[in-house]
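# What the coordinates show
So the chains spell out like this:
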Amino acid sequence: AGGPCGVLASVQAYLLRHLLFVENRMDPSGINEATFHRALFSGLADILWQAGGERSARVAVQGEKRSTGGDDQELMRSLKFKPDGLTESLIVITCHSRAEVMDALTSHQSSYTDQRGPGVPLVLYSAMLSRGLGNIAEDVGNLEGTPRLMGQHDYCSQEMVNLLLVGRAVANAFDGDKDLDGMKLTGVHKRSNVGMLTLFEHYESMEVGSRLKDPIHPVWIVCSESHYSALFSCDADEVSLATSNGGKFDLHYYDELAKQDEPIRLSVSYDLSKASDPKVILDHSKDLTPPLEHCIRTKWSHCEVNWNGTDPIL
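All values derive from a computational prediction rather than experimental measurement.

## Concerning helix α2 (residues 33-51)
Taking 1.5 Å as the rise per residue, α2 with 19 residues should run 27 Å; its terminal C-alpha atoms sit 27 Å apart, in good agreement. α2 sits mainly inside the fold: 15 of its 19 residues count as buried. For α2, the capping residue at the N-terminal end is Asn 32, with a side-chain oxygen 3.3 Å from the backbone nitrogen of Ala 34. The first or second residue beyond α2 is Gly 53, which carries a positive phi of 70°.

Written as structure tokens, this is what we have:
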């Protein structure tokens, strides 16, 4: 969505995955700075190593700013390049193992963690270079026009999100490939480590397949009202059991740009008999249903959501 939230939410999701299901920190609050940074860079390493096909990856870091000479300026003009203070000073580190990716990230920690630093564009540069620009062009497929990772109004495109979530910049969220009158539409090629739910699917303008909707770990980015945020469970077994048999479970919602003091806890009641009955329609005609609830119901159909005293986000 607009601004950096698509990148931030994707990194947040991988960070949470590492904290909850690798570090086994069932309560992500109260962690120390060292644990946070370890989870952050482990999540980034997963994103970049995956984008490189688990064969290699490239880590972009900020080098020293330098003045450009006449030859450099002429080259920039010929490429229609406008200096931005970052791109022309990038240093790209090629890594041949995930451990090398971790070393490169932690050795240049400040490039990614300084509050006013270029962390977001560096993540995107690193993911693009790890995947390869030629591969990204192929990922997008046969759509007309120039492939773009940034959409209209500088919104994060689905291609960008998929590059960060599953390592390929495909334009669709459904499973596998589809044929549309002889044109191949490429979807998600594997089950994702972390998933995605979107309000667009509630409005039936987009299909999200099980490879994103049912990720390996119960962590999702949520696309709602042109904004990305994070939704997660601290108990994978609880969610899995309730999804299979019906029941109750908690989800936690966090918006990285909303300055929340802590995640919002949502209690979800999922009734399989209602979910499988097409005659059951929840009547929200007399209330304002929070868009987040619509997103949640694209996975758990007809579920009830309790905000536990928190004012619903409308």
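## As for the packing of aromatic side chains
Applying the stated criterion to the full structure yields 2 aromatic pairs. Arranged with centres 5.5 Å apart and planes meeting at 80°, the rings of Trp 220 and Trp 300 form a pair that is edge-to-face. Of this pair, Trp 220 sits in strand β6 (residues 219-223) while Trp 300 sits in the loop between α13 (291-297) and β10 (304-306), and the two are 80 residues apart along the sequence. Considering the side-chain rings of Phe 249 and Trp 300, the 5.0 Å spacing of their centres and the 50° angle between planes classify their relative orientation as tilted. Of this pair, Phe 249 sits in strand β8 (residues 247-254) while Trp 300 sits in the loop between α13 and β10, and the two are 51 residues apart along the sequence. Note on accessibility: Phe 249 and Trp 300 belong to one class, buried. Joined through ring pairs, the aromatic side chains of Trp 220, Phe 249 and Trp 300 make up one cluster.

## Topic: helix α6 (residues 119-131)
With 13 residues, α6 extends 18 Å from end C-alpha to end C-alpha; this agrees with the ideal 18 Å at 1.5 Å per step. When α6 is considered as a whole, its buried residues turn out to be Gly 119, Leu 122, Val 123, Leu 124, Ser 126, Ala 127, Ser 130 and Arg 131. Just beyond α6, the residue with positive phi is Gly 132, at close to 95°.

## Considerations on the pairing of β6
The side chains of a regular strand alternate between both faces of the sheet. Counted residue by residue, β6 has 5 buried out of 5 residues, so it is predominantly covered. Where burial is concerned, the two faces of β6 agree: the one with Val 219, Ile 221 and Cys 223 and the one with Trp 220 and Val 222 are both buried. Across 4 bridges, the pairing between strand β5 (residues 195-198) and β6 is parallel. Bridge pairing in β6 places Thr 198 opposite Cys 223. Direction of pairing for β6 relative to strand β7 (residues 228-232): antiparallel, over a ladder of 5 bridges. Bridge assignment links Cys 223 to a residue of β7, and that residue is Tyr 228. Hairpin connection between β6 and β7: a loop of 4 residues separates the two successive antiparallel strands, and Glu 225 in this loop has a positive phi of roughly 55°.

## Some points on unusual backbone geometry
Positive phi, close to 55°, is recorded for Glu 225, a residue that is not glycine. Following the sequence through the fold, Glu 225 ends up in the loop between β6 and β7. Taking the relative accessible area as the measure of exposure, Glu 225 reaches 55% and is therefore exposed. With phi around 55°, Asn 308 is a residue other than glycine that occupies positive phi space. Mapped onto the secondary structure, Asn 308 falls in the segment after β10. Given the relative accessible area of 31%, Asn 308 is considered partly exposed.

## Describing the packing of helix α1 (residues 5-21) against α2
For any two helices packed against each other, one specifies the inter-axial angle together with the distance between the axes. Interaxial distance between α1 and α2 falls to 8 Å at its minimum, and their mutual angle equals 115°. Relative to α2, α1 is oriented so that their crossing is right-handed. Between α1, through Ser 10, Val 11, Tyr 14, Leu 15, Arg 17, His 18 and Leu 19, and α2, the contact on the second element is made entirely by Thr 35, Phe 36, Arg 38, Ala 39, Leu 40, Ser 42, Gly 43, Leu 44, Asp 46, Ile 47 and Gln 50. In terms of residue class, the contact of α1 with α2 is made up of 9 nonpolar, 6 polar and 3 charged.

Conventions used here
Residues numbered from 1 in each chain as written. Predicted model: local features only at pLDDT ≥ 70, side-chain atom pairs only at ≥ 80, totals over all residues. Heavy atoms only, no water. Helix = DSSP H or I, 4+ residues; strand = E, 2+ residues; numbered from the N terminus. Expected span 1.5 Å × (residues − 1). Buried < 20%, exposed > 50% of the residue type's maximum accessible area, 1.4 Å probe, protein only. Polar contact = N/O pair within 3.5 Å; in protein donor to acceptor, adjacent residues only side chain to side chain. Phe/Tyr/Trp six-rings, centres within 6.5 Å; stacked < 30°, edge-to-face > 60°. Pairing = 2+ DSSP bridges. Axes fitted to C-alpha atoms, helices over the stretch in contact; angles between N-to-C directions. Left-handed = near helix turned anticlockwise from the far one by under 90°. Contact = heavy atoms within 4.5 Å. Nonpolar A, V, L, I, M, F, W, Y, C, P; charged D, E, K, R; others polar.

Just geometry here; none of it tells us what the structure is for.
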